[in-house]
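Breakdown of the fold
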Amino acid sequence: MKHNSAQWIALAAIGGLWWGSLFSDPASAQTANSPYVLSIFAKSAPGYSQPDSIALGRDSVFIGFQNHVAKDGSDGKFSTIIQYSLTGAVKRVFSVPGHNDGLRVVGEDDLWALHNEDANPNLVIIDLKSGRQKMFLPPAPHGGGYDDLRVFQDQIFMTASNPNLDNNGVNHFPALVRVRLAGSGLILDPVLMGDAAAIDIPTGASVTLNLTDPDSLGVDQRGNLIVNSQADSELVFVRHPLKADQTVGRISITTAAGPATVDDTAFAPEGRSFMLFSDVNGNTVYRLDAPQFGFEPGTAYSTSDTAGIVGVLNLDNGVLTPIATGFGSTRGMAFVSDDERDHRDERDR
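A few points on the structure. The model shown is predicted, which means the values in this text are computed figures rather than measured ones.

Considering the pattern of salt bridges
Applying the stated criterion across every chain yields a total of nine salt bridges. Among the salt bridges present, the one from Asp-109 reaches Arg-58, with a minimum N-O distance of 2.4 Å. Highlighted residues: Asp-109 in the loop between β8 (100–106) and β9 (110–115) and Arg-58 in the loop between β4 (51–57) and β5 (60–65), separated in sequence by 51 residues. For Asp-109, a relative accessible area of 21% gives the class partly exposed. Between Arg-180 and Asp-189 there is a salt bridge, and its shortest N-O distance comes to 3.0 Å. Taking relative accessible area as the criterion, Arg-180 reaches 37% and is therefore assigned partly exposed. Sharing partners across several salt bridges, the network here consists of Arg-58, Asp-109 and Lys-129.

This is the structure in C-alpha coordinates:
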(Lines give C-alpha, C1' and ligand atoms only; values in the text may rest on other atoms or scores of the structure.)
Protein backbone atom coordinates (compact mmCIF):
# COMPACT_ATOMS: atom_id res chain seq x y z
CA MET A 1 0.00 0.00 0.00
CA LYS A 2 1.28 3.44 -0.89
CA HIS A 3 0.82 6.43 1.41
CA ASN A 4 1.27 10.11 0.74
CA SER A 5 3.43 12.31 2.96
CA ALA A 6 0.52 13.51 5.09
CA GLN A 7 -0.59 9.95 5.76
CA TRP A 8 2.93 8.94 6.79
CA ILE A 9 3.22 11.91 9.14
CA ALA A 10 -0.09 10.95 10.73
CA LEU A 11 1.02 7.36 11.07
CA ALA A 12 4.29 8.45 12.66
CA ALA A 13 2.53 10.70 15.17
CA ILE A 14 0.07 7.99 16.19
CA GLY A 15 2.84 5.40 16.17
CA GLY A 16 5.05 7.46 18.45
CA LEU A 17 2.45 7.37 21.21
CA TRP A 18 1.73 3.71 20.60
CA TRP A 19 5.38 2.63 20.62
CA GLY A 20 6.22 4.72 23.63
CA SER A 21 3.56 2.95 25.66
CA LEU A 22 5.08 -0.41 24.71
CA PHE A 23 8.72 0.33 25.49
CA SER A 24 10.11 -2.00 28.15
CA ASP A 25 6.87 -3.95 28.56
CA PRO A 26 7.89 -7.41 29.79
CA ALA A 27 7.88 -10.12 27.12
CA SER A 28 5.44 -12.81 28.26
CA ALA A 29 5.43 -16.00 26.14
CA GLN A 30 9.13 -15.71 25.37
CA THR A 31 11.81 -16.36 27.99
CA ALA A 32 15.42 -15.37 28.65
CA ASN A 33 17.84 -17.28 30.83
CA SER A 34 19.12 -15.57 33.97
CA PRO A 35 20.81 -13.06 34.22
CA TYR A 36 19.32 -11.72 30.97
CA VAL A 37 16.14 -9.64 31.07
CA LEU A 38 13.80 -9.52 28.08
CA SER A 39 11.41 -6.68 27.21
CA ILE A 40 9.62 -5.29 24.16
CA PHE A 41 11.22 -2.41 22.25
CA ALA A 42 8.68 -2.08 19.41
CA LYS A 43 5.87 -3.95 17.68
CA SER A 44 4.20 -3.94 14.30
CA ALA A 45 1.15 -1.74 13.86
CA PRO A 46 -1.49 -1.16 11.18
CA GLY A 47 0.36 -0.28 7.98
CA TYR A 48 3.61 -2.12 8.70
CA SER A 49 4.58 -5.64 9.77
CA GLN A 50 7.39 -8.23 9.74
CA PRO A 51 10.34 -6.39 11.35
CA ASP A 52 13.69 -7.70 10.13
CA SER A 53 16.85 -5.62 9.70
CA ILE A 54 18.12 -3.28 12.41
CA ALA A 55 20.63 -0.47 11.87
CA LEU A 56 21.99 2.24 14.17
CA GLY A 57 23.03 5.84 13.59
CA ARG A 58 22.20 9.48 14.36
CA ASP A 59 21.15 8.56 17.93
CA SER A 60 18.47 6.38 16.38
CA VAL A 61 17.45 2.81 15.64
CA PHE A 62 16.29 2.07 12.08
CA ILE A 63 14.11 -1.01 11.57
CA GLY A 64 12.99 -2.44 8.24
CA PHE A 65 9.44 -3.86 8.08
CA GLN A 66 8.96 -6.20 5.13
CA ASN A 67 5.14 -6.01 4.95
CA HIS A 68 4.82 -9.44 3.26
CA VAL A 69 6.33 -8.02 0.06
CA ALA A 70 7.57 -10.62 -2.45
CA LYS A 71 11.29 -11.31 -2.08
CA ASP A 72 11.88 -10.52 -5.75
CA GLY A 73 9.73 -7.38 -5.66
CA SER A 74 7.45 -8.80 -8.34
CA ASP A 75 4.26 -7.69 -6.58
CA GLY A 76 5.24 -4.00 -6.80
CA LYS A 77 4.63 -3.42 -3.09
CA PHE A 78 6.53 -1.32 -0.55
CA SER A 79 8.42 -2.00 2.68
CA THR A 80 8.48 0.43 5.60
CA ILE A 81 11.56 1.72 7.41
CA ILE A 82 10.96 3.35 10.77
CA GLN A 83 13.43 5.57 12.59
CA TYR A 84 13.08 5.23 16.36
CA SER A 85 14.69 7.00 19.26
CA LEU A 86 16.93 4.83 21.43
CA THR A 87 13.97 4.42 23.78
CA GLY A 88 11.57 3.23 21.09
CA ALA A 89 9.63 6.37 20.14
CA VAL A 90 8.85 6.80 16.44
CA LYS A 91 10.75 9.69 14.86
CA ARG A 92 10.20 9.20 11.11
CA VAL A 93 8.64 6.73 8.68
CA PHE A 94 9.92 5.94 5.17
CA SER A 95 8.23 3.91 2.42
CA VAL A 96 10.64 2.09 0.09
CA PRO A 97 9.95 -0.03 -3.02
CA GLY A 98 10.44 -3.77 -2.74
CA HIS A 99 11.23 -6.32 -0.04
CA ASN A 100 13.66 -4.69 2.39
CA ASP A 101 16.43 -6.76 3.91
CA GLY A 102 19.85 -5.08 4.27
CA LEU A 103 19.90 -1.77 6.13
CA ARG A 104 22.88 0.35 7.15
CA VAL A 105 23.76 3.95 7.97
CA VAL A 106 26.71 4.96 5.76
CA GLY A 107 28.65 8.02 6.83
CA GLU A 108 26.65 10.43 8.96
CA ASP A 109 23.61 11.15 6.83
CA ASP A 110 22.84 8.33 4.38
CA LEU A 111 20.71 5.27 5.07
CA TRP A 112 21.36 2.48 2.56
CA ALA A 113 18.46 0.06 2.12
CA LEU A 114 18.75 -3.12 0.02
CA HIS A 115 15.65 -4.71 -1.49
CA ASN A 116 14.61 -7.90 -3.30
CA GLU A 117 17.25 -10.38 -2.15
CA ASP A 118 15.94 -13.15 -4.42
CA ALA A 119 15.97 -11.25 -7.76
CA ASN A 120 15.53 -7.78 -9.32
CA PRO A 121 17.58 -6.05 -6.60
CA ASN A 122 17.52 -2.36 -5.88
CA LEU A 123 19.43 -0.11 -3.51
CA VAL A 124 17.69 2.95 -2.10
CA ILE A 125 19.85 5.62 -0.45
CA ILE A 126 17.86 7.89 1.88
CA ASP A 127 19.33 11.29 2.72
CA LEU A 128 18.54 11.51 6.44
CA LYS A 129 18.76 15.29 6.42
CA SER A 130 16.21 15.90 3.67
CA GLY A 131 14.41 12.55 3.52
CA ARG A 132 15.01 12.36 -0.25
CA GLN A 133 15.50 8.93 -1.80
CA LYS A 134 17.68 7.87 -4.72
CA MET A 135 17.41 4.41 -6.26
CA PHE A 136 20.19 2.36 -7.85
CA LEU A 137 19.85 -0.93 -9.73
CA PRO A 138 22.94 -3.06 -9.04
CA PRO A 139 23.91 -5.65 -11.65
CA ALA A 140 23.31 -9.23 -10.53
CA PRO A 141 25.37 -11.63 -12.68
CA HIS A 142 24.79 -14.37 -10.10
CA GLY A 143 21.07 -14.31 -10.93
CA GLY A 144 19.75 -13.34 -7.49
CA GLY A 145 19.84 -10.20 -5.36
CA TYR A 146 21.78 -8.65 -2.48
CA ASP A 147 20.95 -9.35 1.13
CA ASP A 148 23.11 -7.29 3.47
CA LEU A 149 25.83 -4.65 3.52
CA ARG A 150 28.55 -3.36 5.83
CA VAL A 151 30.91 -0.43 5.97
CA PHE A 152 34.42 -1.71 6.64
CA GLN A 153 37.60 0.34 6.50
CA ASP A 154 35.89 3.07 4.46
CA GLN A 155 34.60 0.57 1.92
CA ILE A 156 31.13 -0.91 1.45
CA PHE A 157 30.59 -4.64 1.02
CA MET A 158 27.44 -6.62 0.12
CA THR A 159 26.46 -10.29 0.12
CA ALA A 160 25.20 -11.70 -3.19
CA SER A 161 22.14 -13.76 -2.28
CA ASN A 162 20.12 -16.50 -4.01
CA PRO A 163 22.80 -17.36 -6.59
CA ASN A 164 22.22 -19.60 -9.60
CA LEU A 165 23.84 -23.00 -8.99
CA ASP A 166 25.31 -25.34 -11.58
CA ASN A 167 23.97 -28.84 -12.27
CA ASN A 168 25.91 -30.12 -9.27
CA GLY A 169 24.44 -27.52 -6.95
CA VAL A 170 27.64 -25.42 -6.77
CA ASN A 171 27.84 -21.63 -6.63
CA HIS A 172 30.60 -20.40 -8.93
CA PHE A 173 29.60 -16.71 -8.59
CA PRO A 174 30.81 -14.07 -6.13
CA ALA A 175 29.26 -14.48 -2.68
CA LEU A 176 30.70 -11.19 -1.39
CA VAL A 177 31.30 -8.00 -3.39
CA ARG A 178 32.57 -4.48 -2.80
CA VAL A 179 30.26 -1.75 -4.07
CA ARG A 180 31.23 1.74 -5.27
CA LEU A 181 28.99 4.55 -6.43
CA ALA A 182 29.73 5.81 -9.94
CA GLY A 183 27.38 8.62 -10.92
CA SER A 184 23.95 7.08 -11.30
CA GLY A 185 25.34 3.55 -11.31
CA LEU A 186 27.19 1.06 -9.13
CA ILE A 187 30.49 -0.75 -9.64
CA LEU A 188 30.79 -4.18 -8.02
CA ASP A 189 34.12 -5.88 -7.36
CA PRO A 190 34.24 -9.61 -6.45
CA VAL A 191 35.76 -10.27 -3.01
CA LEU A 192 34.89 -13.89 -2.20
CA MET A 193 33.71 -16.54 -4.65
CA GLY A 194 31.04 -19.01 -3.68
CA ASP A 195 33.44 -21.91 -4.32
CA ALA A 196 36.56 -20.34 -2.75
CA ALA A 197 39.23 -22.24 -0.86
CA ALA A 198 39.11 -21.87 2.93
CA ILE A 199 40.39 -23.20 6.23
CA ASP A 200 37.99 -25.11 8.48
CA ILE A 201 38.60 -23.23 11.74
CA PRO A 202 37.94 -26.06 14.27
CA THR A 203 40.15 -28.61 12.48
CA GLY A 204 42.60 -26.53 10.44
CA ALA A 205 41.79 -28.60 7.35
CA SER A 206 41.70 -27.10 3.85
CA VAL A 207 38.20 -27.08 2.37
CA THR A 208 36.38 -25.82 -0.72
CA LEU A 209 33.37 -23.69 0.06
CA ASN A 210 29.98 -23.96 -1.58
CA LEU A 211 28.07 -20.90 -0.41
CA THR A 212 24.57 -21.51 -1.73
CA ASP A 213 22.83 -18.96 0.48
CA PRO A 214 24.93 -15.82 1.27
CA ASP A 215 22.85 -13.82 3.72
CA SER A 216 23.84 -11.45 6.53
CA LEU A 217 27.21 -9.71 6.76
CA GLY A 218 29.12 -8.78 9.90
CA VAL A 219 32.45 -7.60 11.24
CA ASP A 220 34.10 -9.33 14.20
CA GLN A 221 36.33 -7.90 16.93
CA ARG A 222 39.48 -8.89 15.02
CA GLY A 223 38.51 -6.98 11.90
CA ASN A 224 37.29 -9.91 9.79
CA LEU A 225 34.26 -9.67 7.54
CA ILE A 226 31.76 -12.44 8.34
CA VAL A 227 29.56 -13.88 5.60
CA ASN A 228 26.63 -15.94 6.87
CA SER A 229 25.74 -18.67 4.37
CA GLN A 230 22.43 -19.27 6.02
CA ALA A 231 21.00 -22.46 4.53
CA ASP A 232 24.49 -24.02 4.64
CA SER A 233 24.72 -23.43 8.43
CA GLU A 234 28.13 -21.79 7.97
CA LEU A 235 29.89 -18.57 8.91
CA VAL A 236 32.79 -17.57 6.67
CA PHE A 237 35.47 -15.18 7.94
CA VAL A 238 37.37 -13.04 5.44
CA ARG A 239 40.59 -11.51 6.74
CA HIS A 240 42.23 -8.64 4.79
CA PRO A 241 39.57 -8.52 2.04
CA LEU A 242 40.88 -7.61 -1.42
CA LYS A 243 44.48 -7.67 -0.16
CA ALA A 244 47.19 -9.98 -1.46
CA ASP A 245 47.10 -11.89 1.83
CA GLN A 246 43.30 -12.30 1.96
CA THR A 247 42.56 -15.37 4.10
CA VAL A 248 39.28 -17.26 4.47
CA GLY A 249 38.08 -19.42 7.38
CA ARG A 250 34.87 -21.33 8.01
CA ILE A 251 32.90 -22.67 10.95
CA SER A 252 29.77 -24.81 10.82
CA ILE A 253 26.96 -23.81 13.17
CA THR A 254 25.39 -26.39 15.50
CA THR A 255 23.23 -26.53 18.60
CA ALA A 256 22.61 -29.40 21.01
CA ALA A 257 19.86 -30.47 18.60
CA GLY A 258 22.19 -30.58 15.57
CA PRO A 259 23.05 -28.20 12.67
CA ALA A 260 21.39 -24.79 12.91
CA THR A 261 20.92 -21.79 10.68
CA VAL A 262 21.66 -18.30 11.95
CA ASP A 263 20.33 -15.05 10.55
CA ASP A 264 22.48 -12.37 12.15
CA THR A 265 25.51 -12.19 14.45
CA ALA A 266 26.63 -9.26 16.59
CA PHE A 267 29.43 -8.71 19.11
CA ALA A 268 29.04 -7.18 22.54
CA PRO A 269 30.90 -3.83 22.69
CA GLU A 270 32.97 -2.43 25.52
CA GLY A 271 30.98 -0.69 28.25
CA ARG A 272 27.30 -0.94 29.10
CA SER A 273 24.97 -1.89 26.29
CA PHE A 274 21.70 -3.57 25.45
CA MET A 275 20.79 -5.86 22.57
CA LEU A 276 17.96 -5.41 20.09
CA PHE A 277 16.70 -8.25 17.89
CA SER A 278 13.67 -8.79 15.69
CA ASP A 279 11.17 -11.64 15.46
CA VAL A 280 9.70 -11.38 11.97
CA ASN A 281 6.96 -13.93 12.62
CA GLY A 282 6.11 -12.44 16.00
CA ASN A 283 5.96 -8.88 14.62
CA THR A 284 8.07 -7.68 17.52
CA VAL A 285 11.49 -6.16 18.19
CA TYR A 286 12.86 -7.16 21.58
CA ARG A 287 15.35 -5.61 23.95
CA LEU A 288 17.68 -7.88 25.94
CA ASP A 289 19.64 -6.58 28.95
CA ALA A 290 22.30 -8.10 31.16
CA PRO A 291 21.67 -5.77 34.11
CA GLN A 292 24.13 -7.01 36.70
CA PHE A 293 27.53 -7.04 35.03
CA GLY A 294 26.62 -6.39 31.40
CA PHE A 295 27.46 -8.36 28.29
CA GLU A 296 30.97 -9.77 28.08
CA PRO A 297 32.81 -7.55 25.56
CA GLY A 298 33.72 -9.33 22.34
CA THR A 299 31.28 -12.21 22.85
CA ALA A 300 29.39 -13.25 19.71
CA TYR A 301 25.60 -13.55 19.83
CA SER A 302 23.43 -14.89 17.00
CA THR A 303 19.77 -15.09 16.05
CA SER A 304 18.36 -18.23 14.46
CA ASP A 305 15.58 -17.89 11.92
CA THR A 306 14.66 -21.59 12.10
CA ALA A 307 15.14 -22.32 15.81
CA GLY A 308 13.58 -19.04 16.99
CA ILE A 309 16.29 -18.37 19.56
CA VAL A 310 19.03 -15.95 20.51
CA GLY A 311 22.26 -17.63 21.56
CA VAL A 312 25.90 -17.22 22.48
CA LEU A 313 28.07 -18.39 19.59
CA ASN A 314 31.37 -20.15 20.28
CA LEU A 315 33.68 -19.03 17.47
CA ASP A 316 36.13 -21.87 18.11
CA ASN A 317 33.70 -24.70 17.38
CA GLY A 318 30.50 -23.09 16.04
CA VAL A 319 28.25 -24.19 18.91
CA LEU A 320 25.25 -21.90 19.48
CA THR A 321 23.95 -22.01 23.07
CA PRO A 322 20.47 -20.50 23.60
CA ILE A 323 19.99 -17.66 26.08
CA ALA A 324 16.50 -16.59 24.95
CA THR A 325 13.86 -18.88 23.44
CA GLY A 326 10.24 -19.13 22.34
CA PHE A 327 10.30 -16.81 19.31
CA GLY A 328 8.88 -17.39 15.85
CA SER A 329 11.88 -16.49 13.66
CA THR A 330 14.62 -14.23 15.07
CA ARG A 331 16.37 -12.06 12.49
CA GLY A 332 18.17 -8.70 12.72
CA MET A 333 20.36 -7.91 15.73
CA ALA A 334 22.35 -4.95 17.04
CA PHE A 335 23.96 -3.78 20.28
CA VAL A 336 23.21 -0.26 21.47
CA SER A 337 26.05 1.08 23.61
CA ASP A 338 25.42 3.50 26.45
CA ASP A 339 28.88 4.94 25.83
CA GLU A 340 28.41 5.45 22.07
CA ARG A 341 24.94 6.78 21.52
CA ASP A 342 25.73 7.79 17.96
CA HIS A 343 27.78 4.78 16.86
CA ARG A 344 27.00 3.01 13.61
CA ASP A 345 26.44 -0.64 14.13
CA GLU A 346 29.59 -2.72 14.41
CA ARG A 347 31.23 0.22 12.71
CA ASP A 348 34.22 0.79 10.52
CA ARG A 349 37.14 -1.11 11.98
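The structure having been displayed, the exposition proceeds.
Concerning the sheet that holds strand β6 (residues 78–85)
Strands sit in the order β4-β5-β6-β7 across an open sheet of four strands; the sheet is antiparallel. Every other strand in the sheet has two partners, leaving β4 and β7 (90–97) as the edge strands with one partner each. Strand-to-strand twist in this sheet, taken as the mean axis angle between neighbours without regard to direction, amounts to 20°. Bridge count between β4 and β5: five bridges; the pairing is antiparallel. Looking at β5, one finds that Ala-55 is bridged to Phe-62.

Describing the environment of Ile-253
You can see Ile-253 is positioned in the loop between β21 (247–252) and β22 (254–255). Since its relative accessible area comes to 1%, Ile-253 is described here as buried. Sequence separation of Ile-253 and Leu-313 is 60 residues, and the distance between their C-alpha atoms is 8.5 Å. The contacts of Ile-253, once residues within four sequence positions are left out, are Ser-233, Glu-234, Leu-235, Pro-259, Ala-260, Val-262, Leu-313, Gly-318 and Leu-320.

Overview of the pairing of strand β27 (residues 300–304)
A large share of β27 lies buried, amounting to five of its five residues. Burial along β27 is two-sided: Ala-300, Ser-302 and Ser-304 and Tyr-301 and Thr-303, pointing in opposite directions, are all buried. Examined bridge by bridge, strand β24 (residues 264–267) and β27 share four bridges and lie antiparallel to one another. Residue pairing in the sheet places Phe-267 in a bridge with Ala-300 of β27. Hairpin connection of β27 to strand β28 (residues 309–313): four residues between the antiparallel strands, including Gly-308 at a positive phi of 65°.

Looking at the packing of aromatic side chains
The relation between two aromatic rings is expressed through the spacing of the ring centres and the mutual angle of the planes. Applying the stated criterion to the full structure yields ten aromatic pairs. Between Phe-295 and Tyr-301, the aromatic rings sit 5.5 Å apart at their centres with planes inclined by 90°, giving edge-to-face as the arrangement. The exposure class of Tyr-301 is buried, given its relative accessible area of 2%. Three or more aromatic residues joined by ring pairs make a cluster, and in this case those are Tyr-36, Phe-295, Tyr-301 and Phe-335. The ring of Phe-274 has Arg-287 sitting right over it, with the charged end atom 3.7 Å from the ring centre.

Considerations on the pairing of β8
Most of β8 is tucked away: seven of the seven residues are buried. Sheet topology note: the β8/β9 ladder contains five bridges and is antiparallel. Looking at β9, one finds that Arg-104 is bridged to Trp-112. Counted along the chain from β8 to the antiparallel partner β9, the turn is three residues long, and its residue Gly-107 has a positive phi close to 70°.

Observations regarding the nonpolar core
In terms of nonpolar packing, the biggest core is built from 19 residues, with Phe-41, Ile-54, Val-61, Ile-63, Ile-82, Tyr-84 and Leu-276 touching the most fellow members. Among the secondary structure elements, those contributing two or more residues to this core are β3 (37–43), β4, β5, β6, β7, β25 (273–279) and β30 (330–337).

Definitions and limits used
Note that residues are indexed from 1 along each chain, following the sequence as it is written. Only residues with pLDDT of 70 or above have their local features reported here, since the model is predicted, and side-chain atom pairs are shown and tallied only from 80 upward, although totals for entire chains, interfaces and linings are computed over all residues. Derived side-chain values reflect all non-hydrogen atoms in the structure, with water molecules and hydrogen atoms excluded from consideration. Should a side-chain nitrogen of Lys or Arg be within 4 Å of a carboxyl oxygen of Asp or Glu, the pair is scored as a salt bridge. Put simply, DSSP marks the helices as runs of H or I at least four residues long and the strands as runs of E at least two long, and each gets a number from the N terminus on. Burial status follows relative accessibility: with a 1.4 Å probe on protein chains alone, a residue under 20% of its type maximum counts as buried, one over 50% as exposed, and anything between as partly exposed. By definition, two strands form a pair when at least two bridges between them are found by DSSP. Every angle, taken between N-to-C directions, lies between 0 and 180 degrees, and every axis is a line fitted to C-alpha atoms, over only the stretch in contact when it is a helix. By definition, residues are in contact when any of their heavy atoms lie within 4.5 Å. Each Phe, Tyr or Trp ring (for Trp, its six-membered ring) is paired with any other whose centre lies within 6.5 Å, and the angle between the two planes then decides the class: stacked below 30 degrees, edge-to-face above 60, tilted in between. For a Lys NZ or an Arg CZ to count as sitting over a ring, it must be within 6 Å of the ring centre and within 35 degrees of the ring normal. The criterion is simple. A nonpolar core is a set of buried Ala, Val, Leu, Ile, Met, Phe, Trp, Tyr and Cys residues joined through side-chain atoms within 4.5 Å.

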